[in-house]
Amino acid sequence: MTTITEETASVTPRPPVVKINDISFADVRAALGEGWRDFLRAPLIGLFFGGIYAAGGIAMFLLLKVYHEPWWIIPIAVGFPLVGPFVAVGLYETSRRLAAGQPLNFGEILMVILAQRKRQVAWMAFVVLFIFWMWLYEVRMLLAIFLGFKSFSSVDAFINVVTTTPEGMGFLAVGTGVGAFISFVLFCTTVVGIPLLLDREIDLITGIIMSFKAVFQNPGPMIGFGIIIVALTFAALLPMFLGLLVVLPVLGHATWHLYRKVVAPEAA
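Just so you know, these numbers come straight off a predicted model, no measurement behind them.

Help me understand the packing of aromatic side chains, please; the structure alone is not making it clear to me.
For any pair of aromatic rings, the description rests on two quantities: the centre-to-centre distance and the angle between the ring planes. Under the defined criterion, the tally for this structure stands at eight aromatic pairs. For the ring pair Phe-48 and Phe-106, a centre distance of 5.0 Å and an interplane angle of 85 degrees mean the geometry is edge-to-face. Taken together, the residues Phe-48 in helix α3 (residues 43–66) and Phe-106 in helix α6 (residues 106–115) connect sequence positions 58 residues apart. Residue Phe-106 is classed as partly exposed on the basis of its relative accessible area of 30%. On the basis of an interplanar angle of 50 degrees and a centroid distance of 5.2 Å, the ring pair of Trp-256 and Tyr-259 is categorised as tilted. Taken as a pair, Trp-256 and Tyr-259 lie in helix α13 (residues 244–262) at a separation of three residues, close to a single helical turn. As far as burial versus exposure is concerned, Trp-256 and Tyr-259 are alike and both buried.

What should I look at first to understand α13 in this one?
Think of an α-helix as 3.6 residues a turn; residues three or four steps apart then line up on the same face. Counted at 1.5 Å a residue, the expected span for α13 with its 19 residues is 27 Å, and the 26 Å between its end C-alpha atoms agrees. α13 sits mainly inside the fold: 15 of its 19 residues count as buried.

Even after reading the chapter, I still don't get the environment of Ile-205, so can you show me in this structure?
Within the secondary structure, Ile-205 sits in helix α11 (residues 204–217). The class for Ile-205 is exposed, based on a relative accessible area of 52%. In the structure, Ile-205 is positioned 85 residues away from Gln-120 in sequence and 9.4 Å away in space, judged by C-alpha atoms.

Got a minute to help me understand the packing of helix α9 (residues 166–190) against α11 in this structure?
A pair of packed helices is characterised by two quantities: the angle between their axes and the separation of those axes. Where α9 meets α11, the axes come as close as 6 Å, and the angle between the chain directions of the two elements is 110 degrees. Taken together, the axis directions place α9 and α11 in an arrangement best described as roughly perpendicular. Seen from α9, the contacting residues are Phe-184, Val-185, Phe-187, Cys-188, Thr-189 and Thr-190; seen from α11, they are Ile-208, Ser-211, Phe-212, Val-215 and Phe-216.

Got a minute to help me understand the nonpolar core in this structure?
Side chains that are nonpolar tend, in soluble globular proteins, to be buried together. Val-192, Leu-196, Phe-225 and Val-263 are the most contacted members of the largest nonpolar core, which has 62 residues in total. A per-element tally of this core places helix α7 (residues 120–147) first, with 10 residues. Setting aside residues up to four positions removed in sequence, Val-192 forms contacts with Ser-211, Ala-214, Met-222, Tyr-259, Val-262 and Val-263.

Is there a simple way to think about the environment of Leu-186 in this case?
Positionally, Leu-186 belongs in helix α9. Residue class for Leu-186 comes out buried when judged on its relative accessible area of 2%. On a C-alpha basis, the gap between Leu-186 and Ile-131 in space is 7.4 Å, while along the polypeptide they are 55 residues apart.

Just to check I follow, could you spell out helix α5 (residues 89–100) for this structure?
Helix length check: α5, at 12 residues, gives a terminal C-alpha distance of 17 Å against a target of 16 Å (1.5 Å per residue), a fit within 8%. For α5, the buried fraction is high: nine of the 12 residues fall into the buried class. Those residues of α5 that sit buried are Val-89, Gly-90, Leu-91, Tyr-92, Glu-93, Thr-94, Ser-95, Arg-97 and Leu-98. Remark: Gly-101 follows α5 within two positions and exhibits a positive phi of approximately 70 degrees.

Here is what the cut-offs are and how they apply
Residues numbered from 1 in each chain as written. Predicted model: local features only at pLDDT ≥ 70, side-chain atom pairs only at ≥ 80, totals over all residues. Heavy atoms only, no water. Phe/Tyr/Trp six-rings, centres within 6.5 Å; stacked < 30°, edge-to-face > 60°. Helix = DSSP H or I, 4+ residues; strand = E, 2+ residues; numbered from the N terminus. Buried < 20%, exposed > 50% of the residue type's maximum accessible area, 1.4 Å probe, protein only. Expected span 1.5 Å × (residues − 1). Axes fitted to C-alpha atoms, helices over the stretch in contact; angles between N-to-C directions. Parallel < 35°, antiparallel > 145°, perpendicular 65-115°, else oblique. Contact = heavy atoms within 4.5 Å. Core = buried A, V, L, I, M, F, W, Y, C linked by side-chain atoms within 4.5 Å.

Pasting the structure below:
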């Protein structure tokens, strides 16, 4: 039987220590203000990443219209915030460079994003996309249960059915509850998890655990921040996703600053 000697134990690497701070609503307001200032300091970078997100939403809407299922844009738009944190990696790096006084070389920022495919952030992408897929599957399942796989010719027809019929109201109520739960789980997983994985060399599981810990240790401010994200994102979706040009980069920068407040600096 193999035993661990004192010498072996002394060189066994220990998991990195991540200390979670207590924060307040004032910290959330400060993070949002800092996010807005970062957007103003680097507007072209913010508009670039926000533009990718907005263009993706418009492309999906046009594609669904071609296949005569434009009403699917509603559940897809509702699920859109689920993949936002991963898209915001470039914004986190921009805010990090601004805070450190480093030059904003766009090519270098893109290289940082590409480098994540070899790090733990890439695994987080699978988690995010899997949960997004689960959301779409859940919508499809509830449609079958409540509406019997009905097809709708337009967004207006879909809204009319789910708001004026008992079956539609049941679909809306259950779908909202399940969607809120899925969104909460993903928020807890990523709000600190993704910036932490970008900032430090830690494993995916540790990043997720610390992200959940940050939310449950600071439930009021963190959930309040999540509600702000949902409200601003939905408002940005209304003008054909164009509001995301500004809202996404501001929220991305703000998330980085909130991460820096809730996670203590790494010990030297």
